[in-house]
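Examining the three-dimensional arrangement
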Amino acid sequence: NMSRKNRATEEQNPKPEQSTLDLPKDSFQEKGERIVESASRLFEGKAKQVRNAVIAIVAVAVIGGVAYVWMNRSDEAGQVALGKAIGISQATIVEIPAPDSTELTFKTEAERDKAALKAFDDVVAKHGGEAAEKARFMAATIRLKTDRKAALDALKALSDANSETGELARFALAQALVGDGKFD
C-alpha cells in the first residue's frame, strides 16, 4: 500500500531530470550572479525603503521634465515677443497709410523708435535668456539716436557676453565710437 502511494506521488510530482548538458560558467557570468545575489541580500526586507527611493527618483525625473518643458516654452514665448518687437522696429514710416492696409506703420521714425523701445524693454522685463539679451542689444542700437551714453553703456555691458549678441555688441560699440571720432 505504501509503495502504491509512493508511486502515485511520484507520478503526480515527477522528479526533475538533471540536465545532461552542464555548461561551463565563465567568470563574467559568475561575477554577475554574485552581484545579483549580493544586491538581493542588500535589499532583502527593505521593500518599503526601495519603493520610497524609486518614488523619489521618479518624482525628481518628472519635476526635471516639467522644468525642461516650461523653460523651452518660456524661451519660445521670448523668441515670439522678440520677433514682434523686431517687426515694430522695422515697420514702414508713412505719412498717410493706405486705408485698407493691415501693415504696421508709423508716421515718424521717432514714433516707431518709441514703440520699438517699449516692445524690446517688455521682452527684457518678461523673458530671460537669449531673447532678453538680443532685445537689450536691439534697444541699445535704437537708443544710439536718442540717449547715446545709455546706449554705449548697454553695448559695453553686452560686449562682455561670450555669445553671438556679444560679438554684435562689440561691433556696434566699435562703430559708434568710430562715429564719435574715438579710434581707441
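Quick look at the structure, then.

Here's the deal with the overall build of the chain
Along the chain, the regular secondary structure elements total 7 helices and 2 strands. Within the span of the chain, comprising 184 residues, buried residues form 21% of the whole. A separation of at least 24 residues holds for 44% of the contacts in the chain among residues at least 6 apart in sequence.

Digging into the packing of helix α4 (residues 109–126) against helix α5 (residues 129–143)
At a minimum axis distance of 8 Å, the contact between α4 and α5 shows a crossing angle of 155°. By the angle between their axes, α4 is roughly antiparallel relative to α5. Crossing geometry of α4 relative to α5 is assigned as left-handed. Where α4 approaches α5, its residues Asp113, Ala116, Leu117, Phe120, Asp121, Val123 and Val124 are matched on the opposing element by Ala131, Ala132, Ala135, Arg136, Met138, Ala139, Ile142 and Arg143.

What about α4?
With 18 residues, α4 extends 25 Å from end C-alpha to end C-alpha; this agrees with the ideal 26 Å at 1.5 Å per step. Every buried residue of α4 is accounted for by Arg112, Asp113, Ala116, Leu117, Ala119, Phe120 and Val123. Taken around the axis of α4, the buried residues stretch over an arc of 170°, which confines them to a single face. Pointing more than 90 degrees away from the buried face of α4 are the exposed residues Ala110, Lys114, Lys118, Ala125 and Lys126.

The rules we used
Residues numbered from 1 in each chain as written. Predicted model: local features only at pLDDT ≥ 70, side-chain atom pairs only at ≥ 80, totals over all residues. Heavy atoms only, no water. Helix = DSSP H or I, 4+ residues; strand = E, 2+ residues; numbered from the N terminus. Buried < 20%, exposed > 50% of the residue type's maximum accessible area, 1.4 Å probe, protein only. Contact = heavy atoms within 4.5 Å. Axes fitted to C-alpha atoms, helices over the stretch in contact; angles between N-to-C directions. Parallel < 35°, antiparallel > 145°, perpendicular 65-115°, else oblique. Left-handed = near helix turned anticlockwise from the far one by under 90°. Expected span 1.5 Å × (residues − 1). Arc of directions from axis to C-beta.

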